[in-house]
Amino acid sequence: MEISYHGHSVVKIKTNGKEILIDPFIRGNGLTDLKVEEQKPDVILLTHGHNDHVGNTIELAKANDSLVVAPNELANYLASQGIKVHNMGIGGSYDFPFGKVKYTLAFHGSVYETENGEVINAGNPGGILFTSEGKTIYHAGDTALFGDMKLIGERNEIDVAFLPIGDNFTMGPENAAYAVTLLKPKTVVPIHYNTFPVIQQDPQHFANLVTDAEVQVLSPGDKVKLS
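Here the structure is a predicted model, which means the values were calculated and not measured. (Residues numbered from 1 in each chain as written. Predicted model: local features only at pLDDT ≥ 70, side-chain atom pairs only at ≥ 80, totals over all residues. Heavy atoms only, no water.)

1. Some remarks on a nonpolar patch on the surface
1) Next: A cluster of nonpolar side chains, contributed by I90, L105 and F107, occupies part of the molecular surface with about 250 Å² of accessible area.
2) Next: For L105, the position within the fold is in strand β8 (residues 99–105).
3) Next: When its relative accessible area of 36% is taken as the criterion, L105 is described as partly exposed. (Patch = residues over 30% accessible without salt bridge, like charges linked within 9 Å, V, L, I, M, F, W, Y side chains within 5 Å. Areas by Shrake-Rupley, 256 points an atom, 1.4 Å probe, with all protein chains shown as cover. Salt bridge = Lys/Arg side-chain N within 4 Å of Asp/Glu carboxyl O. Helix = DSSP H or I, 4+ residues; strand = E, 2+ residues; numbered from the N terminus. Buried < 20%, exposed > 50% of the residue type's maximum accessible area, 1.4 Å probe, protein only.)

2. Overview of the environment of G153
1) Next: In this fold, G153 is placed in helix α4 (residues 149–155).
2) Next: Overall, the relative accessible area of 12% leaves G153 in the buried class.
3) Next: Contact partners of G153, with chain neighbours within four places excluded, come to L182 and L183. (Contact = heavy atoms within 4.5 Å.)

3. Digging into the nonpolar core
1) Next: Membership of the largest hydrophobic core comes to 46 residues, with the highest contact counts inside it found for L45, V69, V101, F130, Y138, F162 and L163.
2) Next: Ranked by residue count, the leading element in this core is helix α5 (residues 173–183), at 6 residues.
3) Next: Discounting residues that sit within four places of it in the chain, V69 has contacts with V43, I44, L45, L46, H86, M88, F96, V101 and Y103.
4) Next: Grouped together as the second largest cluster of nonpolar side chains are 22 residues, V10, L46, V54 and I58 included. (Core = buried A, V, L, I, M, F, W, Y, C linked by side-chain atoms within 4.5 Å.)

4. Remarks on helix α3 (residues 72–80)
Since one α-helical turn is 3.6 residues long, residues separated by three or four positions face the same way.
1) Next: Taken together, the buried positions of α3 are L74, A75, Y77 and L78. Around the axis of α3, the buried residues are gathered within 160° of arc, so they sit on the same side.
2) Next: Looking at the buried residues of α3, the elements they touch are α1 (51–54), α2 (57–64), β5 (67–71), β6 (84–88), β9 (111–113) and β10 (119–121).
3) Next: Once α3 finishes, G82 follows within two positions and takes phi at roughly 90°, a positive value. (Arc of directions from axis to C-beta.)

5. Re the pattern of salt bridges
1) Next: Throughout the structure, instances matching the rule amount to 9 salt bridges.
2) Next: Of the charged contacts, one joins K14 and E2 as a salt bridge, the two residues approaching to 3.8 Å between their closest N and O atoms. Here K14, found in strand β2 (residues 11–15), pairs with E2, found in strand β1 (residues 2–5); they are 12 residues apart in sequence, far enough to count as distant.
3) Next: For E2, a relative accessible area of 27% corresponds to the partly exposed category.
4) Next: D65 serves as the salt-bridge partner of K84, at 3.5 Å between the closest nitrogen and oxygen. Here D65 lies in the loop between α2 and β5 and K84 lies in strand β6, a separation of 19 residues in the sequence.

6. Considerations on the pairing of β5
1) Next: Most of β5 sits out of view: 5 of its 5 residues are buried.
2) Next: Pairing between strand β4 (residues 43–45) and β5: 3 bridges, direction parallel. By the bridge assignment, V43 is partnered in β5 with L67.
3) Next: Across 5 bridges, β5 lies against β6 in parallel orientation. Across the sheet, residue A70 finds its bridge partner in β6, namely N87.
4) Next: In this region the chain leaves β5, passes through α3 and returns to the parallel neighbour β6; the handedness of that crossover is right-handed. (Pairing = 2+ DSSP bridges. Right-handed = clockwise from strand over helix to strand, strands pointing away.)

7. So, the sheet that holds strand β13 (residues 160–164)
1) Next: Pairing is mixed in the open sheet, where 7 strands are placed in the order β7-β8-β11-β12-β13-β14-β15. Strands with a single pairing partner mark the edges of an open sheet, and in this sheet they are β7 (93–96) and β15 (214–215).
2) Next: Each of β12 (135–139), β13 and β14 (187–191) is contacted by α5, which is oriented at about 150° to β13, the strand it contacts most. (Axes fitted to C-alpha atoms, helices over the stretch in contact; angles between N-to-C directions.)

8. Considering the sheet that holds β5
Pairing between sheet strands relies on hydrogen bonds along the backbone, with the strands arranged either parallel or antiparallel.
1) Next: Strand order in the open sheet made by the 6 strands is β1-β2-β3-β4-β5-β6, with mixed pairing throughout. The open sheet is flanked by β1 and β6, the only strands paired with a single partner. In this sheet, neighbouring strand axes are inclined to one another by 20° on average, regardless of whether the strands run parallel or antiparallel.
2) Next: Strands β3 (18–22), β4 and β5 of the sheet are contacted by α2, whose axis makes an angle of about 160° with β4.

9. Observations regarding the environment of I13
1) Next: In this fold, I13 is placed in strand β2.
2) Next: Ignoring sequence-local partners within four residues, the contact set of I13 consists of M1, E2, I3, K18, E19, I20, I22, F130 and I137.

Here it is in structure tokens:
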């Protein structure tokens, strides 16, 4: 398995001969190293409907016949755009040939704004637990700190957790560091910071607050070092 980070909340996973993109916000993301036309995902996993997470999903999925896995209402909208989708709900899991996907709670919003200004109800936001090749990855999406992270940590052996630290819209560094104590991952990677002025953060400050997991502060394009 190969896991890499690509700015904002974009994560790429290569496993079981498939390439998976999580929240592929590429065009308009000043921190990413990716170019839309160079990406050929087999699968796209979406945490919620905000435009800085859905990103270039429609364009990528149409160009590559990608399967898009998303919360139910968001998946319904994408299906109406001619996209191949798999609908899921919070708390549900499904074993795909490329790995197991389970949606967790996330406390945030979820609407999608089309190019013509239409606002689409994208249902509930979620986090994603992805398991493949004996490794479990937790992508928290956009979320506040919440107590049930303790349950997520107790019921899953998380190898890598991607946690937002940008504050304002999500957890800030202090709450994200406390989330680490609940989730108990082996490795944590900070995401969703410095893309916009309002979420400017020093990731090293977050790293200094974490005492019970390895923190990997990654630049766009860097790979996670798996233990």
